[in-house]
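Here is what each chain is made of, one letter per residue.
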Protein chains: 2
Amino acid sequence: MEISERKKKILAAVVDEYIITAEPVGSKALAEKAGLGCSSATIRNELAELVNMGYLEQPHTSAGRVPTALGYRMYVNELMQKQKLSLEETEELNDRLEKKLNELDNTISDVSRLASQLTNYPALALSSRSRVTIKRFDIIYVDANTFIIVVMLDNNTVRNKLVHLPVSVDEAMVRKLSTMFNASFTGILEDQITPVLINSTERAADDSLGLTSVIAAFAMEVLSSEAAPSAFVTGENRLLNQPEFRDPDKAHRLMSYLSGGGYILPPGEELGDTNEVKVLIGPENIAEELKDSSVIVASYDAGDGTKGLIGVVGPTRMDYSVIASKLSFLAQGLSRRLGGGEAPVEGMHNKLIIKGDDSDKR
Amino acid sequence: MEISERKKKILAAVVDEYIITAEPVGSKALAEKAGLGCSSATIRNELAELVNMGYLEQPHTSAGRVPTALGYRMYVNELMQKQKLSLEETEELNDRLEKKLNELDNTISDVSRLASQLTNYPALALSSRSRVTIKRFDIIYVDANTFIIVVMLDNNTVRNKLVHLPVSVDEAMVRKLSTMFNASFTGILEDQITPVLINSTERAADDSLGLTSVIAAFAMEVLSSEAAPSAFVTGENRLLNQPEFRDPDKAHRLMSYLSGGGYILPPGEELGDTNEVKVLIGPENIAEELKDSSVIVASYDAGDGTKGLIGVVGPTRMDYSVIASKLSFLAQGLSRRLGGGEAPVEGMHNKLIIKGDDSDKR
DNA sequence: TATTAGCACTCGAAAGAAATGAGTGCTAAC
DNA sequence: GTTAGCACTCATTTCTTTCGAGTGCTAATA
């Protein structure tokens with residue numbers, strides 16, 4: 001059955017109201033508030049149909065209506081007044097963000113904390129990097145039993161490791177190894193570091209002490225740890241602000257799921273396009289623990305192949321529009337600041353694309 | 001007024017019981033349970049006096065008794081059955097710990113997490129290092145505008161920084177600087193890196209580009225960041241396990257205080273001697289937010305001047321004895337593992353010293 | 001045909017009333 | 001000094017009652 005214009009208006013009004021009050025909303029309140037010129041009786045009829053269609057439900061016979069997950073989905077996809085942030089809010093957010101971004105270490109923990117502060121919900125940050133390679137090796141001879149391996153990655157971060165040996169090496173060997181690694185191990189991906197390559201290097205360097213494999217192992221370790229996605233969740237306690245989590249047991253269950261580093265996003269789900277905001281409503285989440293919560297995430301691009309993701313977790317009754325705007329805002333700020341994004345400085349608050357929605361909203 | 005032996009026994013019994021049930025304990029229960037050969041009426045008299053003396057209180061006229069902070073203090077100092085861990089528990093703990101310690105990065109976040117898991121309370125970890133020096137400098141020439149500074153600290157950790165310059169340098173200069181820094185900047189403390197020293201080095205190296213100050217600045221940054229105490233709190237959500245935090249507002253208040261990195265220990269309070277366990281009961285805490293919670297901390301020594309501290313936060317009704325044992329256990333494990341401690345492997349579970357208590361147990 | 005006023009009905013939440021019982025303090029006997 | 005006995009207190013639990021927001025349905029209206 002097709003949903004009429006008026007039904008849409010009513011549904012939107014129900015969701016808007018419910019987001020604020022967290023109480024079931026009744027026909028009378030709607031008649032007064034929403035500017036649709038009809039009486040409560042008419043609205044009652046419409047509401048009854050919306051229930052039939054699965055967009056709303058009633059906690060019990062004599063209560064008002066509450067949006068279902070389907071209702072929220074419809075709201076998010078089509079009805080929501082996107083970008084509610086006023087100019088002042090935008091300004092304020094911009095200021096705060098600018099300040100924060102400057103003192104930001106760009107550790108995902110900081111990013112997550114920032115998102116949580118901004119939205120007042122528990123927040124997660126996630127980042128992963130693809131196609132990392134090493135640009136340069138340096139091996140520093142310390143003493144006969146000790147050297148330091150220093151590698152510089154293609155994104156100019158530098159990592160090091162101190163190696164103690166049970167046997168002694170001389171400087172010449174170290175220098176030789178350094179040259180060989182720079183020749184053969186730079187610019188390649190982790191899975192291109194094969195036993196074959198290691199063996200041939202070992203032979204070529206005339207290394208009978210196994211130094212080659214130590215260095216190669218470190219290289220692999222660095223590459224894989226750099227590529228591994230890391231996640232961070234903060235502000236779990238903000239859940240307790242929400243009336244739907246006044247039950248300590250319920251709150252505890254979700255909070256420990258979050259703290260436990262449980263998977264929040266569908267495992268298959270690759271990070272979406274930059275500047276896209278995704279919303280997962282209630283049962284759309286795969287994790288059992290999230291089935292009656294919603295997740296909103298925005299992705300950003302830190303350049304050099306690093307993609308990141310910031311999001312919040314909250315009750316299904318969240319102000320999707322505001323939160324999505326804020327996250328999008330933050331994600332674009334990060335993209336811009338970390339150099340990857342082509343997001344224009346001016347345009348920060350007018351590009352908000354939400355999954356499942358193909359109309360651009362100004 | 002002096003406290004009689006029997007009163008002590010009764011007080012101990014009240015605390016023991018209350019720790020388990022979290023309910024006010026009555027005279028009858030005590031008469032049956034605690035093996036003191038007297039009737040409930042007698043106990044009632046004693047209880048009344050204990051209330052007068054300030055060790056116990058009554059929530060209301062017809063309720064049982066609950067320990068006051070003073071009562072807990074007395075319990076912790078004199079009455080508590082220390083070291084309740086049975087042999088099996090010790091074994092089990094040992095196993096778990098051994099396993100965990102091995103995969104431990106020794107980041108304070110890991111230590112904190114471990115403490116929280118072990119005790120099922122929110123936990124904090126804190127560590128600070130004194131008298132750090134740099135053992136060795138290496139400066140790697142990358143290209144005319146780029147070099148990498150690598151420093152090795154006296155505890156053999158290695159830190160590095162990539163420097164991009166607007167001007168160009170040659171390899172000879174870099175080598176010269178490296179030599180000079182190794183001569184003048186090794187083995188000294190942060191506050192010994194003075195403008196005078198920097199100036200003279202700069203002149204001696206004939207450095208007109210300000211490279212000296214860049215390197216010196218990095219050295220200072222490393223030294224100060226290494227010496228700065230850092231803290232980490234985890235497992236805040238475990239607070240919700242406790243009946244006294246079923247009120248979401250109360251829980252939220254404390255949790256956000258903890259997450260916010262609020263000061264948990266008295267600022268003046270230096271880290272105590274290794275293997276000492278400190279207990280701060282309710283109002284003994286300075287932070288307003290902790291006035292009706294207790295904090296138990298144990299300190300460890302990771303050698304090389306690094307002192308650490310692990311602790312938990314919970315309601316005043318905590319099983320001080322068990323928690324103190326576990327923390328002490330963990331602290332000693334850390335000391336041992338990180339090389340600083342002289343704690344004997346065997347002796348792990350028999351050296352438990354609690355602040356304010358001068359008798360050694362078992 | 002769509003809308004609306006009117007009304008009986010439902011059912012959770014709030015308020016009130018009564019019952020329960022754990023625990024006390026006190027007194028008098030041991 | 002200890003104990004049995006008993007009247008009293010008061011939080012907690014349970015059961016009723018009241019209240020009212022909100023509904024669904026019907027009949028009148030535009």
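For the structure, see preceding data.
Residues numbered from 1 in each chain as written. Chains lettered and ligands numbered in written order. Predicted model: local features only at pLDDT ≥ 70, side-chain atom pairs only at ≥ 80, totals over all residues. Heavy atoms only, no water.

1. What to know about the pairing of strand β4 (residues 134-143) of chain B
All names here are of chain B. Selection rule: Strand pairing is assigned whenever DSSP identifies at least 2 bridges connecting the two strands. Helix and strand definitions follow DSSP, with helices as H or I runs of at least four residues and strands as E runs of at least two, each counted in order from the N terminus.
Here β4 pairs with strand β5 (residues 146-153) via eight bridges, running antiparallel. Looking at the pairing, D143 lines up with T146 of β5. Hairpin remark: β4 followed by β5, antiparallel, with two residues in the connecting loop.

2. Examining the protein's contact with DNA strand D
Spelled out, the test is: Residues are counted as near a molecule or strand when any one of their heavy atoms sits within 4 Å of it. As used in this structure description, the phrase polar contact means that two N or O atoms lie within 3.5 Å; if the pair is within protein, one of them must be able to donate a hydrogen and the other to accept it, and residues adjacent in sequence are counted only when both atoms belong to side chains. Any residue that is not Ala, Val, Leu, Ile, Met, Phe, Trp, Tyr, Cys, Pro, Asp, Glu, Lys or Arg is counted as polar, Gly included; the first ten are nonpolar and the last four charged.
Near DNA strand D there are 20 residues, and of these S27 and R65 of chain A together with S39, T42 and S62 of chain B occur at the shortest range. Among all atoms of DNA strand D positioned within 4 Å of the protein, those belonging to sugar or phosphate total 78%. A distance of 3.0 Å separates a phosphate oxygen of DNA strand D from a polar atom in the side chain of R6 of chain B. For the surface near DNA strand D, the secondary-structure elements that each account for two or more residues are α3 (40-53) of chain A together with α3 (40-53) of chain B. The element best represented in the surface near DNA strand D is α3 of chain B, accounting for four residues. Considering only residue class, the surface near DNA strand D consists of four nonpolar, twelve polar and four charged.

3. Concerning the relation of the copies chain B and chain A
Two chain copies, one operation linking them: a rotation about an axis together with a shift along it. The following threshold applies: The atoms used to superpose the copies are C-alpha atoms, taken from residues with pLDDT of at least 70 in both, and the fit is least squares.
Between chain B and chain A, which share one sequence, the superposing operator has a rotation angle of 180° and an axial displacement of 0.1 Å; the RMSD is 0.3 Å. Look at the turn and shift together and you get a two-fold axis relating the two. Taking the C-alpha atom as reference, chain B places P248 of chain B closest to the rotation axis, 3.2 Å from it.

4. A word on the interface of chain B and chain A
Heads up, the rule is: Contacts are residue-level and defined by heavy atoms, with any inter-residue pair within 4.5 Å sufficient. We define buried area as the total accessible area lost by two parts upon association, computed with a 1.4 Å probe and summed across both. Salt bridge, as used here, is a side-chain nitrogen of Lys or Arg placed within 4 Å of a carboxyl oxygen of Asp or Glu.
Taken together, the 27 residues of chain B in the interface contact 27 residues of chain A. Broken down residue by residue, the surface that chain B buries against chain A is led by N237, L240 and H252 of chain B, which jointly contribute 22%. The residue R246 of chain B makes a salt bridge to D249 of chain A at a minimum N-O spacing of 3.2 Å. Secondary structure elements with two or more residues in the side of chain B that touches chain A: β4, β5, β6 (158-164) and α10 (248-259) of chain B. Top contributing element to the side of chain B that touches chain A by residue count: α10 of chain B, with seven residues.

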